[in-house]
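Here is what each chain is made of, one letter per residue.
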Amino acid sequence: MNKLQILVVEDDAPVRNLITTTLKTHDYKSIIAENGEEAIRQASSCNPDVILLDLGLPDMDGVEVIRKIRTWSNVPIIVISARSEDSDKITALDSGADDYLTKPFSVEELLARLRVTGRRLAMMQANAGANESVFINGDLKIDFGSGCAFIGDKELHLTPIEYKLLCLMSQNVGKVLTHTYITQKVWGNSWDNNVASLRVFMATLRKKLECEPDSPQYIQTHIGVGYRMMKIE
Ligand code: CA
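In this text, all values refer to a predicted model and were calculated from it rather than measured experimentally.

With respect to the coordination of the calcium ion
Argument step 1. Looking at the metal site, the calcium ion is ligated by Asp 11 (OD), Asp 54 (OD) and Gly 56 (O), spaced 2.2 to 2.4 Å from it.
Argument step 2. Counting along the primary sequence, the residues that act as donors to the calcium ion give the motif D-x42-D-x1-G. Taken together, the positions of Asp 11 in the loop between strand E1 (5–9) and helix H1 (13–25) and Asp 54 in strand E3 (residues 50–54) put the pair 43 residues apart, joining distant regions of the chain.

Shown next as structure tokens:
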């Protein structure tokens, strides 16, 4: 397997060293940037596979870095934030970040996020140029052409909203989608009562999709933030 190259954007030297040491011992290559400007330059010149991005940078807000990079690249971006407020994560996710880690985080959490992102990358690469009319993830299969979804051989009887939700989650497998993003895509707008409806539709979708709706395998809840479809190994 190719070693993934990770761009580590972090101005705090001890945290940066912890991350790069962890990456090295787990067979990832890393390049570093200490501020936003350097991050944007490295992202364009080194073409990293994944970016780990601290939101609190000395020269600009990390969200600005995401917005700039997203003008030309779909590289997975995992945001690292010392700020535990959900609103920062949500702004970063809505600006195009894929996932987030909240400081202080453990080495295991960092590695788990990188594995999720690695699987998302593998899936993006496998799908590039391929026939995308059918989506397969574990036992889940969606045939976009006929508008049918299956678990194994069993067809799921979904309402139009549930099907739309499932397709949206599938098309962004591995990525955390915020409530706002999902409700805008599904209903075309984002009102508070849509977020409440979203919870209801998500619950009914899970009952049909998951063997054990209380410990879901496919769709993960990020409390106060949103949902993510996991790539099943
Ligand atoms: Ca910082």
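Section: the environment of Cys 167
Argument step 1. Within the secondary structure, Cys 167 is located in helix H6 (residues 160–171).
Argument step 2. Judged by its relative accessible area of 8%, Cys 167 is buried.
Argument step 3. Put simply, Cys 167 and Met 229 are 62 residues apart on the chain and 10 Å apart in space, counted from C-alpha to C-alpha.
Argument step 4. Contact partners of Cys 167, with chain neighbours within four places excluded, come to Ile 142 and Phe 144.

What about the pattern of salt bridges?
Argument step 1. Scanning all chains against the criterion turns up eleven salt bridges.
Argument step 2. Between Glu 64 and Arg 67 there is a salt bridge, with the nearest N and O atoms lying 3.3 Å from each other. You can see Glu 64 and its partner Arg 67 sitting in helix H3 (residues 62–70), three residues apart, about one turn around the helix.
Argument step 3. On the basis of relative accessibility, which here comes to 32%, the residue Glu 64 falls in the partly exposed class.
Argument step 4. The residue Glu 233 makes a salt bridge to Arg 119 at a minimum N-O spacing of 3.4 Å. Residue Glu 233 is found in the segment after strand E12 (226–229), and its partner Arg 119 is found in helix H5 (residues 107–127); the two are separated by 114 residues along the sequence.

Some details on the environment of Glu 10
Argument step 1. Here Glu 10 is to be found in the loop between E1 and H1.
Argument step 2. Each C-alpha atom, one on Glu 10 and one on Lys 207, is 41 Å from the other, the two residues being 197 residues apart in sequence.
Argument step 3. In this structure the side chain of Glu 10 is engaged in a polar contact, spanning 3.1 Å, whose partner is the side chain of Lys 103.

Let's talk about the packing of H6 against helix H7 (residues 179–187)
Argument step 1. Remark: H6 packs on H7, axes separated minimally by 10 Å, with the N-to-C direction vectors making an angle of 130°. Regarding the angle of H6 to H7, the classification is oblique. The way H6 lies across H7 gives a crossing that is right-handed. Across the interface between the two elements, Ile 161, Lys 164, Leu 165, Leu 168 and Met 169 from H6 touch Tyr 181, Ile 182, Lys 185, Val 186 and Trp 187 from H7.
Argument step 2. The class makeup of the residues in the contact of H6 with H7 is eight nonpolar, no polar and two charged.

Examining H7
Argument step 1. Considered for burial, the residues of H7 that qualify are His 179, Ile 182, Thr 183 and Val 186. Relative to the axis of H7, the buried residues are bounded by an arc of 95° and lie together on one face.
Argument step 2. Count one or two residues on from H7 and you reach Gly 188, which has phi positive near 80°.

Overview of a negative patch on the surface
Argument step 1. Together, Asp 11, Asp 12, Glu 37 and Asp 59 give the surface a local cluster of negative charge.
Argument step 2. Among the structural elements, Asp 12 can be located in the loop between E1 and H1.

Some words on the domain arrangement of the protein chain
Argument step 1. Assigned domains of the protein chain: these are domain 1 (5–126) and domain 2 (132–229).
Argument step 2. Taking only C-alpha atoms into account, the centre of domain 1 sits 26 Å from that of domain 2.
Argument step 3. Counting residues at the interface gives 14 residues for domain 1 and 15 residues for domain 2.
Argument step 4. Both sides of the domain 1 and domain 2 interface together cover about 1100 Å² of buried area, and 56% of this is carbon and sulfur.
Argument step 5. For the pair domain 1 and domain 2, the interface holds one salt bridge.
Argument step 6. Residue Arg 228 pairs with Asp 99 through a salt bridge whose shortest N-O separation is 2.8 Å.
Argument step 7. Run the count over domain 1 and domain 2 and you get five residue pairs in polar contact (both at pLDDT 80 or more).
Argument step 8. Counting only elements with at least two residues in the side of domain 1 that touches domain 2, the list comes to helix H4 (86–94), strand E5 (99–102) and H5.

Notes on the sheet that holds strand E7 (residues 140–143)
Argument step 1. Strands sit in the order E6-E7-E8-E9 across an open sheet of four strands; the sheet is antiparallel. The open sheet has two edge strands with one neighbour each: strand E6 (134–137) and strand E9 (154–156). Neighbour-to-neighbour, the strand axes of the sheet open up by a mean angle of 25°, direction not taken into account.
Argument step 2. Sheet topology places strand E8 (residues 148–151) next to E9; three bridges connect them, and they run antiparallel. Counted as the bridge partner of Ala 149 is Leu 156 from E9.
Argument step 3. Against the sheet, H6 makes contact with E6, E7 and E8, and its axis sits at roughly 105° relative to E7, the strand it touches most.

Reading the values: the criteria
- Residues numbered from 1 in each chain as written.
- Predicted model: local features only at pLDDT ≥ 70, side-chain atom pairs only at ≥ 80, totals over all residues.
- Heavy atoms only, no water.
- Donors = N, O, S within 2.8 Å, 3.2 Å for Na, K, Ca; no water.
- Helix = DSSP H or I, 4+ residues; strand = E, 2+ residues; numbered from the N terminus.
- Buried < 20%, exposed > 50% of the residue type's maximum accessible area, 1.4 Å probe, protein only.
- Contact = heavy atoms within 4.5 Å.
- Salt bridge = Lys/Arg side-chain N within 4 Å of Asp/Glu carboxyl O.
- Polar contact = N/O pair within 3.5 Å; in protein donor to acceptor, adjacent residues only side chain to side chain.
- Axes fitted to C-alpha atoms, helices over the stretch in contact; angles between N-to-C directions.
- Parallel < 35°, antiparallel > 145°, perpendicular 65-115°, else oblique.
- Left-handed = near helix turned anticlockwise from the far one by under 90°.
- Nonpolar A, V, L, I, M, F, W, Y, C, P; charged D, E, K, R; others polar.
- Arc of directions from axis to C-beta.
- Patch = residues over 30% accessible without salt bridge, like charges linked within 9 Å, V, L, I, M, F, W, Y side chains within 5 Å.
- Areas by Shrake-Rupley, 256 points an atom, 1.4 Å probe, with all protein chains shown as cover.
- Lys, Arg positive; Asp, Glu negative; His and termini not counted.
- Charge placed at Lys NZ, Arg CZ, Asp CG, Glu CD.
- Domains from an automatic or database assignment.
- Buried area = accessible area lost by both parts, 1.4 Å probe.
- Pairing = 2+ DSSP bridges.

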